[in-house]
Structures are given as structure tokens and as C-alpha cells.
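The primary structure of each chain is shown beneath.
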Amino acid sequence: MSSSSQQPLEHDDNEEFDVIVVGAGFAGMYLLHRLRGMGLSARVYETGASVGGTWYWNRYPGARCDAESLAYSYSFSRELEDEWNWSERYATQPEILRYAERVAAKFDLKRDIRFERRVTRAHFDDASGRWTVETDRGDRASARFCVMATGCLSVPQVPQIAGLEDFAGPTYWTSKWPHDGVDFAGRRVGIIGTGSSAIQAIPVIAAQAKHLTVFQRTPNFSVPACNAPLDPKFVDAFKANYPGHRQNHRLGMGAGFGDLTVEPHPGGPAIETAAGRSEKEVRELLEKYWRIGGAHFIGAIADTMMNPDTNRIVADFVRGKIRATVKDPATADALCPTSHPIGTKRICVDTDYYETFNRANVKLVDIRKNPIDRVDATGLRLQNGERHDFDALVLATGFDAMTGALLKIDVRGAGGRSLRDAWATGPRTYLGIGVAGFPNLFTITGPGSPSVLSNMLVSIEQHVDWTVACIDYMRKNGYRRIEAQQASQDQWVGHVNEVADATLFPQGGSWYLGANIPGKPRVFMPYAAGVGVYREIADRVAANGYEGFAFAR
Ligand code: NAP
């Protein structure tokens, strides 16, 4: 472990708090800071040995954020903004983790966090109106409120591939990468998966390994990051108007990923639709966004995620880029996504991904065409009998997203009802933050909120601010219990579905829908109307005395 908390494993023995927080990633850290500021006592439980959440675990080579660093950072402290300097447009995982550690030190967070323990149970007691939380290390504590800051992509998906355990060499998960790093020099490596994690890792592993075989089931659309060191003069100018930029990030989905691009970029779409524009004009626009780099590309034309015709134009443009980059036509063909509209699976942001397939030491294997039969001691065999041998195997096979971490815990609400039962046909929340039947429970960036469709830091800060304001409201009004009303929840779930159905998103067969997990109910989990619209609704609900929630004294 590279960054252990060095804490002795003390236990909580029936201790009492105002709030228990599960997770010490960016959500849990900020929440702890805010709760303390309100004079509330809080305990945070965290599985990792230190803070940082996803950035603590995902240490694979090439890991970096796909939102721009100046936007993917806390906005709550001007002092922190002033003193921290990001070195690149897109921060690397080690730099983000250093930032998390810096925040923990600056706000003295670790003294209220218990590391290296997993919360196993969280039960609400009707009589006392309190949550009792237990961990796998024997902690037991209770609190009036329980806040799940468990992250949307924190439970790795174990792929159903026969023989995985038979492989004699080392197997590395991108989401549980060894803290001391891995040296692939001179080794033959196989990687399964071509999502965001793999697309970042592949160019870096290819540059180091003797040979890399990429096993691809579904090709993904990826746009160049156009990453570069940040010019300190530019950063100074940006910081001079940090509040203005932060406001952009809070209101706009595109701007949420960053508005510091090389050209003036308001964060909004350049045009509403491709219809009625000349092919040349649209192409030039897409070319411009391609050169700017990053996830903005998908927002260049406003109706890309709504209009199949626009989407096809954008997708064709990217397929053209792939074919122009990858020299071997068969490999280029296999890398071109055709099974889903662009953007309906999370758009990937890369550095030299497609170029990597021009290297002599890299081979792409299409396992959609020729599925894996089984892994064995020295590699794997495809169903058509073809063999691929390697010395190390990397699994970049994704996560049980959005609900995985919540449902891993035995959460029981009023009357002992389990969350697993309540969500048996898919997650149901009010605003993504409250669940009917689960009083005094808040889910930060939960299903039904924009979360994974947005810059997570922006959505985390919003949900944390909303939660602490709600707790403060309860305190001021003498309420001890809050619960999402069933009717409000039903209405919200209907609205989330309606919004998703008006887009192309449900056609993606992605983890947004739970489609990557065999047997998981297919429900489009994030709220797709954008962070600006969502913020307006959440603020209105709060201003109207948290309408849709029921309170009791
Ligand atoms: P992912 O997007 O779910 O990709 C998983 C990959 O593994 C897919 O290519 C999938 O193929 C493949 N796979 C899964 N099970 C398989 C099986 N049994 N056999 C063969 N292939 C299999 O996971 P991810 O790459 O870890 O990314 C998840 C999310 O994390 C991203 O979408 C993004 O939101 C976030 N993330 C962000 C960053 C960043 O900020 N830069 C970096 C990494 C991740 P199919 O598509 O066919 O299922």
C-alpha cells in the first residue's frame, strides 16, 4: 500500500454520531468537512487505506481524469483553489490522489475516518429513528442520518469468462491496480475490455510491453484528449475568474467537463442541429471540436443525443478518423463502433489510442466475432480454436455501476425492508438522493440524478450542499425524520425514464442501463436532462420546504 492512513485499527463500539458517512472519496471527504462546519458529529467508514475513492483504487497505467483538472476539483474553498496548481489539462491519477491527500490534510479530515473497513450493514430502527451501521472489522455505531457516499463506479464487475482462475501468470484488474505499479517490460500482455479504462491503459502498456493483445468485444468511440501541460499564465487568468467558471460548470453539462479549452468555449453547443447545414460546415465544426479535444466533442451539436440523423453524422465523422488513423484496414474496421449510437456508451477520451494499433507489437482480437472459449494457464483459446498466449492478463471489464456499492451493503429501512428488495426491479429514488421507505438516508449522486453523465465533482458538491442544507432545515424546524414520499418518488422515476426515452441513450446497451451485468434489471439510471435543469429542480424542492419529502418530529 503506498498511502496508508497508518491508523491503528481501532473499533467503534456502539458509538453515537449525528451522521454516519459511507465512503471517503471526494463525496465523503467534502461531506465530512461540511458536517463539521455545522457542528455535527460524524463518522466516515472507508474500505481503502486512505482517502480518494475511485482515485485510490484505479491506479492503472495511463489513468487520468476525462474532465479538465481546473473543473474536476473542489470549488468550496477559494484558499484551496488558490494554493493548488494542476500541472496538466487532464490530471493524472497520482496527481488527483495527491490532491485528495492535500485536502484531507488541510481540513484535518482523517481523524474522523475509519479506514480499511467495509460497511456490511446499515439498519434503520423505527423506534429510535436512528441508523445502526456495522463494518467487517467489527465496528458498530449509530447515527440519526446515514449518507451513502459510496461512488458510482466502485464495485468491479467480475466477467463471466471460463477458466479465469486457471491463468498461471499474474492477473491485474484496472480497478484494483497494485499500488507499487507493474513493470510490463519484456512481457507479453493480454487485456480484456475496451472501455474508458482500457482505452487509457492500452497505449501506455503497449509502449512498455514486448507484446500486447487487445481482446475487444465492443468497440467504443473515443476522442482525443489533446492533453497538454497547463501554462501558469493561463491558470492565473483562469483562477482570476474562478467563480465565473465554476458557475459555468454548475449549469452546463458540456461546460461541466471544463471550459478552459484553447479557444473561447462557452460550454454550450455550437449549433442546435446538423439539419439544413452543408456537409462542409458540419464537418468543419466537428473538426474544430476534435482538435479542441475532450468530451466537449459530443456536445458540439445540441441534438446529437436526441436525433438519430445528427448522431449518425457525428459517428461517421469519428469512424472516418479511425480509418484515417489505423493503417491496417481490417483492424480499423474492427475498431469502428457500429452497434450503438455515439455517446450512448460513455464517450472515451484518449491519448494515442487508435495510433497504438499501428505498432508492430499490438494485436486486436475481435471476440465478438470469435468469442473466448476459456482462459487457461498460458493464455486463452477462442471458440474457433485460435490460441493467444501471454505472460500477464489485464482485466478492464468495468463495474456494477451506480447500484453495485449500495446493494452490496445490507441496507434496511423502515419496518426492516431491505434496499435489495425495494430495488429488485431496478433503483427507485426521489431526485437520486432519497428513497421511499428509507428515512434519514441520503444517496450522494445516486441513481436518478445526473451523476455519471456529469462532472462528478460538480454533482458531488451539489448533493453534499443539498444534503447538509436539508439536515440544517430539519434541525431548525425540530424534525427528526425525513423520508421521500412514495408518490413523489414514483413521479420522479417516471420523469427520469421519460427524459431518457426521449434520448438515444437507452439504445446504448451500456452500464448506464445495467446492461453490462448479467441479470441486472435494465433501467436507465442517471438523469439525462443535464445538471442545470436538475439543479433548478433540486433547488426548487428545497426552497419549497423539501416538497415531496415527509417530515416527522
Ligand atoms: P466499461 O466502460 O464498462 O468497459 C468494460 C469493457 O470490458 C467493455 O469493453 C466490455 O465489453 C468489456 N467486457 C466486460 N465484460 C466482458 C466479458 N465477459 N468478456 C469480454 N469483454 C468484457 O468499464 P471501464 O472502462 O472501467 O469504464 C467504466 C466507466 O468508468 C467509464 O465509462 C467512465 O465513466 C469511468 N472511467 C472514467 C475514466 C476517466 O475519467 N478518464 C477512466 C476510466 C473509467 P462490452 O462493451 O461488450 O460489454
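Model, not experiment: these values are computed from the prediction.

Visitor: Where do I start with the site of the ligand in this structure?
Guide: In the vicinity of the ligand, 27 residues are found, and the nearest of them are Arg64, Thr194, Ser197, Arg217 and Thr218. Taking Lys345, its side chain carries an N or O atom lying 3.0 Å from an oxygen atom of the ligand. The contact in question runs from an oxygen atom of the ligand to an N or O atom on the backbone of Ala396, over 3.2 Å. For the ligand, the accessible surface in isolation is 910 Å², of which the surrounding protein chains cover 89%. Broken down by element, the residue count for the shell around the ligand peaks at three residues, all from helix α5 (residues 196-208).

Visitor: When you look at the packing of aromatic side chains in this model, what are you seeing that I'm missing?
Guide: Here a ring pair, both rings aromatic, is described through the centre-centre distance and the interplanar angle of the planes. Overall, the coordinates contain 42 aromatic pairs when judged by the stated rule. Between Trp86 and Tyr99 the ring centres are 4.8 Å apart and the planes differ by 45°, which places this aromatic pair in the tilted class. On the criterion of sequence distance, the pair formed by Trp86 in the loop between α3 (78-83) and α4 (93-106) and Tyr99 in helix α4 is long-range, its members being 13 residues apart. The class of Tyr99 is buried, set by a relative accessible area of 2%. An aromatic cluster of three or more residues is present, and its members are Phe26, Tyr30, Trp55, Tyr72, Tyr74, Phe76, Trp84, Trp86, Tyr99 and Phe107. Of note, Lys106 hangs over the ring of Phe107, and the distance from its end group to the ring centre comes to 5.9 Å. Its guanidinium or amino end placed over the ring of Trp173, Lys176 lies 5.6 Å from that ring's centre, counting from NZ or CZ.

Visitor: Would you take a moment to explain the packing of helix α7 (residues 242-251) against helix α17 (residues 531-543) for this structure?
Guide: The description of two packed helices rests on the angle between their axes and on the distance between the axes. The geometry of α7 relative to α17 is characterised by a closest axis approach of 6 Å and an angle of 90° between their N-to-C directions. Classed by the angle they form, the pair α7 and α17 counts as roughly perpendicular. For the pair α7 and α17, contact is made by His249, Arg250 and Leu251 and by Val531, Gly532 and Arg535, respectively. Across the contact of α7 with α17, the residue classes tally to two nonpolar, two polar and two charged.

Rules of the game
- Residue positions are given per chain, counted from 1 along the sequence in the order it is written.
- A pLDDT threshold of at least 70 governs which residues receive local features in this predicted model, and a stricter bar of 80 or more applies before side-chain atom pairs are shown or counted, although totals over entire chains, interfaces and linings include all residues.
- Only hydrogens and water are set aside; all other atoms, that is, all heavy atoms of the structure, feed into the side-chain values.
- For this purpose, a residue is taken to be near a molecule or strand whenever a single non-hydrogen atom of the residue falls within 4 Å of it.
- In protein, a polar contact means a hydrogen-donor-capable atom and an acceptor-capable atom, both N or O and within 3.5 Å, with residues adjacent in sequence counting only if both atoms are side-chain atoms; elsewhere, any N or O pair within 3.5 Å suffices.
- Only the protein chains shown count as covering a residue, and every accessible area follows the Shrake-Rupley method with a 1.4 Å probe.
- Only runs of H or I of at least four residues qualify as helices and only runs of E of at least two qualify as strands under DSSP, and these elements are numbered from the N terminus.
- The rule is short: rings of Phe, Tyr and Trp, with Trp giving its six-membered ring, pair when the centres are within 6.5 Å, and they are stacked under 30 degrees, edge-to-face over 60, tilted in between.
- Remark: exposure states derive from per-residue accessible area (1.4 Å probe, protein chains only) relative to the maximum for the residue type, with buried under 20%, exposed over 50%, and partly exposed in between.
- Placement of a charge over a ring requires the Lys NZ or Arg CZ to be within 6 Å of the ring centre, with the centre-to-atom vector within 35 degrees of the ring normal.
- Angles shown run from 0 to 180 degrees and are taken between the N-to-C directions of axes, each axis being a line fitted to C-alpha atoms and, for helices, limited to the stretch in contact.
- An angle counts as roughly parallel when it lies under 35 degrees, as roughly antiparallel when it exceeds 145, as roughly perpendicular when it falls between 65 and 115, and as oblique in every other case.
- Here, residues are in contact when the closest pair of their heavy atoms is within 4.5 Å.
- Under the scheme applied here, ten amino acids are nonpolar (Ala, Val, Leu, Ile, Met, Phe, Trp, Tyr, Cys and Pro), four are charged (Asp, Glu, Lys and Arg), and all others, including Gly, are polar.

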